[in-house]
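Single-letter residue listing:
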Protein chains: 2
Amino acid sequence: MSTQSLDSLQQLSVNIRKWILNCTHRAGSGHPTSSLSAVELMVALMFDGNFRYELLDPKHCNNDRLIFSKGHASPLFYSLWCAAGVLDEDDLMTYRKFDGILEGHPTSRFPYTEAATGSLGQGLSVGVGMAMNAKYLDELPYRTFVLIGDSEMAEGSQWEAIEIASHYKLNNLVGILDVNRLGQRGPTMLGYDLKTYEKRLEAFGWNTIVVPEGHNLRQISDAYREAATYEDAPTMIIAKTIKGKGVPFLENEKGWHGKALDDEQLQEAISQLPRVNDDLRGEVRKPQAASFPILDNGASGEFNYQPGEKEATRTAYGNAITRLGDKHSQMVVLDGEVSNSTRAEYFRNKYPERYFEMFIAEQNMVGTALGMALRGKIPFVSTFAAFFTRAFDQIRMARYSDPNIKFVGSHAGVEIGEDGPSQMGLEDLAMFRSIMGCTVLYPSDAVSTERLVEEMALMNGMAYLRTTRGKLPTLYNSDDTFCIGGSHVLRQSDRDTITLIGAGITLHECLKAHEALKEKGIVSRVVDLYSINPLDMVTLRKAALDTHRLVVVEDHFAAGGIGEAVAAALADQMTPIQSLCVRIRPRSGETEELLDLEGISAKKIEEAVLRTELAASPS
Amino acid sequence: MSTQSLDSLQQLSVNIRKWILNCTHRAGSGHPTSSLSAVELMVALMFDGNFRYELLDPKHCNNDRLIFSKGHASPLFYSLWCAAGVLDEDDLMTYRKFDGILEGHPTSRFPYTEAATGSLGQGLSVGVGMAMNAKYLDELPYRTFVLIGDSEMAEGSQWEAIEIASHYKLNNLVGILDVNRLGQRGPTMLGYDLKTYEKRLEAFGWNTIVVPEGHNLRQISDAYREAATYEDAPTMIIAKTIKGKGVPFLENEKGWHGKALDDEQLQEAISQLPRVNDDLRGEVRKPQAASFPILDNGASGEFNYQPGEKEATRTAYGNAITRLGDKHSQMVVLDGEVSNSTRAEYFRNKYPERYFEMFIAEQNMVGTALGMALRGKIPFVSTFAAFFTRAFDQIRMARYSDPNIKFVGSHAGVEIGEDGPSQMGLEDLAMFRSIMGCTVLYPSDAVSTERLVEEMALMNGMAYLRTTRGKLPTLYNSDDTFCIGGSHVLRQSDRDTITLIGAGITLHECLKAHEALKEKGIVSRVVDLYSINPLDMVTLRKAALDTHRLVVVEDHFAAGGIGEAVAAALADQMTPIQSLCVRIRPRSGETEELLDLEGISAKKIEEAVLRTELAASPS
């Protein structure tokens, strides 16, 4: 299987070391020592026939996948692609520069990056998603390799990924654990205790191969070949390496993490490397020709909710994905052991082969979904809105991989009542709004939920949908239309003196308040702001202009919520905006009691409007 | 050691079962079956001499600690305290009611709750903090017990806690794993495979005791006694139990999770329980008398930064905690393996006994700090601002335990430059602002950092401080004062036509823009908004009134950031507010290039102001 002689692989390793030192020196920053420890691990993978890749086509469906979970080893990552011939040495010298695409940690701006990394402990989850895709969805023979640092094994997310990978018997997944013993500020918890890593991984159901000499190309290559034959579980190659390997004054020394060499140090380091053929490049084995069936897209059925009929938006979500599954054959659904609550189980019942139970491990669930998205799937990921906070870092990082991925959080707000604050999603809008470019939707009835899920499936990018636990009356007809960035004005006249803006549960409270206020002679406009990001600026500006006063009502904390979004969007307008939201510590109780407590029930909206009227009227 | 006969413990277990069924029936919701599986596990702990507690004093420094990580078993939790005699049956019937304190999942509103739980996989970390406190800080003999559900073992945070607990050899920590095989929507990954739980825990360095009959009081009590003698590691008691135990039609059945019984079902269930003495209560062993030394608080030293001298605020943070360590003897510092970057290492160097290395496991770090806070310490917890997103759920949940805990995030914003977006804290203000009542501070120089850290140490509650990577010139004198909710007006005159509001790095850009604008005849006010929550409303309102235009500049995304906070706070004012913040996908580059890219450099602030001036001036 080997394509190049041991000698030429060794020479290539020297060249890569040189590039690592040079490009970080030129950048004045970066992580040379963390890169040097894994040179042979990666050379033996890529250039000794263990890795199959169409260099001209990084999106080839049957390329093997390589993820640097230790994203700070980016100098090595880019140098590998230089060794493969798709970058040249000049390109490498743009490392970390504003005008280049070789960022400090790999992002999707460099086309050979499978997934952006840099926040540790995330790459393996992404690899799990890619491996699950190959095994269960596309049924392709490509394999997925993840380079893991030993420090990041302390992250719980690793063990989530490790457990799920063995649960799903991902024999097409190989982790490469670069045990160089040193973290950023000192030794790792386990140091060179390879035995304990092995024991832990075996206890979690992995095949393990210990490589005692992690700079011995032959030992490493043998490990890859052995891993390829293992059929029952994923394999972790546990390699003892030396941080800073190849440069004597850096080797196994503390205090060199994340430091580039200065001129003098560089000269000394380079002088200590053997002389080799500078022009040597590596050969990468081609992938098998492969295709996967593009299924004929079926039609999406229709739904039938009668106006006034009560249904929970979470239930409408379950109905919608189940209805759309035929039309969107790339749609997959992942849920964190609450599918009976989020209603993701409806999809599972109809399409069990495209549903994945991810158990109570939200970080890995998001990472896995990202891996699937990057392999062309449309993942819908659900759990309670509150529990997406568990995966905020993974969601944040996903952004830098430009994925097509959809999140659906149920049980939003104090509306859930008796279960109490631990289960209430009250920060989810703030969190998803902070993800640059992420669409944020919040429907208030079954029809709008169905339509907005359709929109989510059709759009390309990140999106979040917030659903409500309890049943709410249907407001819309099935031919009403909804779009990302839209809104609906449900009550209006040319005598409106105030606009009530709601979404989800609070829209219904606004509608009730509208009626009560009308009886007191106050005519209000009511807007269903179902698209939180982007906002319907035309409707908001018109409301500001027409009614001169806005009241935003939401079942969410103030910070980063709908009120702040609207206030900021209209900050150039001369319109007072009042925000009614969750400001008192929430607790267990009935929905109505809690909406009252927080001042977001119809009664409290009415009172707030009357108070302001009173204050505004001449005394 | 036993205080009650086996027979009376069995009778007590029956009473507890009755209470569990009754209180959830009365509430119409809750988790009876998840409670029933752990009845004997808890009765054998609390009432067979294995648990020491002063019932009249839940804050007693030497009480054993009991944390329900499976917080949804709250009916059992409250019933235990009923069995101990501190609640009566009528109290139990207020379970989940708005006017009661027995919430759906335990919170600090019930005084016997050690830590609020309900989001799974968090209790063990809190227990780690309490056990570390006993072993390394207060040096008290109390022990910490954590009841864990088998479903939540899928959470990575568990394995973070498990690894750290063995790293710190917490022989005073006992986990009780209630293996009832069933999660919310179906079987767990491991079902009744106790052997695998055992293997995994042993591989992670724990002592394990398997209890094959988890409803056998004798077997369980023996396990507790054995655990008490183990000196080298924490112990996990792995017990095979039956979900719904005691009620034949609930036992080991799917579909009963989180469901209360209706009238008829309740009657049937109660009729299937043996008849016992209803009035029986349990006896709890008293704790050893104990005290821990209240150290004389030393003085805090002074600092010395010359105006104009450059220093990074992260460095000033490191200096401040080190300076304050004598004065605040309860101060402890935890860091996630980046103490050389956050400067937490300065504290470690002076007070190694009060510094805890928590490695790259942010979720557990926050949980552990919470445990210490709840035992009277003042934890300062640091990592990169970006990586606190990893622990959002833990931070969110901490709120419901009312802790005194301080977070410090370094490397805020695009300012960090070359490392790229994965390392940039750009959502941290949104995240911490969404924590109800959490103070949020963002100093711009060494002096203000030192003073704000003093304020953080003095206040009681949650607080977040954001620090910057690069060096910034000192703006303040050492006798300038800073307070939570304050601000400083650094430039003002009675001719100001615009106010520039900055914090951290952008304050310096605002000051430069102020000079450039002055040369163009535009006089601006400059406000250092170092307190992001609460805001200095007096200064902001005055600026709005005086200058009629505000520009908020921040190195953070728009959502939930300073601009939105100010816009929302002044939404009742007629003042246009312009927000300059991070709106373009960030990347690697030099600080100045990135500040320019995002429109938050002095030059871009100036341009933005001039553009608006132009638009506002008569054509």
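Please read these numbers as outputs of a predicted model, since none were measured by experiment.

### Topic: the packing of helix 3 (residues 39-47) of chain A against helix 9 (residues 217-229) of chain A
Residue and element names in this part refer to chain A. Running from amino to carboxyl end, helix 3 crosses helix 9 at an angle of 55°, the nearest separation of the two axes being 9 Å. Relative to helix 9, the element helix 3 lies oblique. As helix 3 runs across helix 9, the sense of the crossing is right-handed. Of the residues in helix 9, those in contact with E40, L41, M42, V43, A44 and L45 of helix 3 are L217, I220, S221 and Y224.

### Considerations on the domain arrangement of chain A
Considered domain by domain, chain A is made up of domain 1 (3-271), domain 2 (310-473) and domain 3 (488-616). When each unit is reduced to the centre of its C-alpha atoms, the spacing between domain 1 of chain A and domain 3 of chain A is 52 Å.

### Some details on the pattern of salt bridges
All names here are of chain A. In this structure the tally under the stated criterion is 72 salt bridges over all chains. Its salt-bridge partner being D278, residue K18 comes within 2.8 Å of it at the nearest N-O pair. Taken as a pair, K18 in helix 1 (residues 6-27) and D278 in the loop between helix 10 (263-271) and strand 6 (310-312) lie far apart in primary sequence, 260 residues in all. Its relative accessible area of 41% is what places D278 among the partly exposed residues. Overlapping salt bridges, with partners in common, bring together E302, R323, E450, R451 and E454 in one network.

### Topic: the relation of the copies chain A and chain B
The two copies are related by a screw motion: chain A maps onto chain B through a turn of 180° and a shift of 0.0 Å along the axis, at an RMSD of 0.0 Å. Here the symmetry operator amounts to a two-fold rotation axis. Taken together, the interface assignments show that 99% of the residues at the interface of chain A recur at the interface of chain B, consistent with an identical surface on both copies.

### So, the confidence of the model for chain A
In this model, chain A carries a mean pLDDT of 96, and residues with pLDDT of at least 70 account for 98%. Reported confidences for the modelled complex are a pTM of 0.96 and an ipTM of 0.96.

### Quick look at the environment of T383 of chain A
All names here are of chain A. Relative to the elements of secondary structure, T383 occurs in strand 9 (residues 378-384). When the C-alpha atoms of T383 and E598 are compared, they prove to be 25 Å apart, with 215 residues separating the residues in sequence. Setting aside chain neighbours within four positions, we find T383 in contact with D335, V338, T342, E362, M365, F388, V408, G409 and S410.

### Digging into the packing of aromatic side chains
Inspection of the entire model under this criterion finds 62 aromatic pairs over all chains. Ring centres of F303 of chain A and Y305 of chain A lie 5.4 Å apart, and the angle between their planes is 40°; this geometry places the pair in the tilted category. Judged by centre distance (5.7 Å) and plane angle (85°), the ring pair of F388 of chain A and F432 of chain A falls under edge-to-face. With F388 of chain A in the loop between strand 9 and helix 15 (392-398) and F432 of chain A in helix 16 (residues 428-433), this residue pair connects regions lying 44 residues apart in the sequence. For F388 of chain A, a relative accessible area of 0% translates into the label buried. Judged by its relative accessible area of 0%, F432 of chain A is buried. Site record: aromatic cluster; members linked through ring pairs are F51, Y53, F68, F77, Y78, W81, Y95, F110, Y112, F145 and Y224 of chain A. Stacked on the ring of Y351 of chain A, the Lys or Arg R354 of chain A has its end atom at 4.5 Å from the ring centre. The residue whose ring lies beneath R587 of chain A is F98 of chain B, and the NZ or CZ to ring-centre distance is 4.8 Å.

Reading the values: the criteria
- Residues numbered from 1 in each chain as written.
- Chains lettered and ligands numbered in written order.
- Predicted model: local features only at pLDDT ≥ 70, side-chain atom pairs only at ≥ 80, totals over all residues.
- Heavy atoms only, no water.
- Axes fitted to C-alpha atoms, helices over the stretch in contact; angles between N-to-C directions.
- Helix = DSSP H or I, 4+ residues; strand = E, 2+ residues; numbered from the N terminus.
- Parallel < 35°, antiparallel > 145°, perpendicular 65-115°, else oblique.
- Left-handed = near helix turned anticlockwise from the far one by under 90°.
- Contact = heavy atoms within 4.5 Å.
- Domains from an automatic or database assignment.
- Salt bridge = Lys/Arg side-chain N within 4 Å of Asp/Glu carboxyl O.
- Buried < 20%, exposed > 50% of the residue type's maximum accessible area, 1.4 Å probe, protein only.
- Least-squares fit on C-alpha atoms with pLDDT ≥ 70 in both.
- pLDDT = per-residue confidence, 0-100.
- Phe/Tyr/Trp six-rings, centres within 6.5 Å; stacked < 30°, edge-to-face > 60°.
- Lys NZ or Arg CZ within 6 Å of the ring centre and 35° of its normal.

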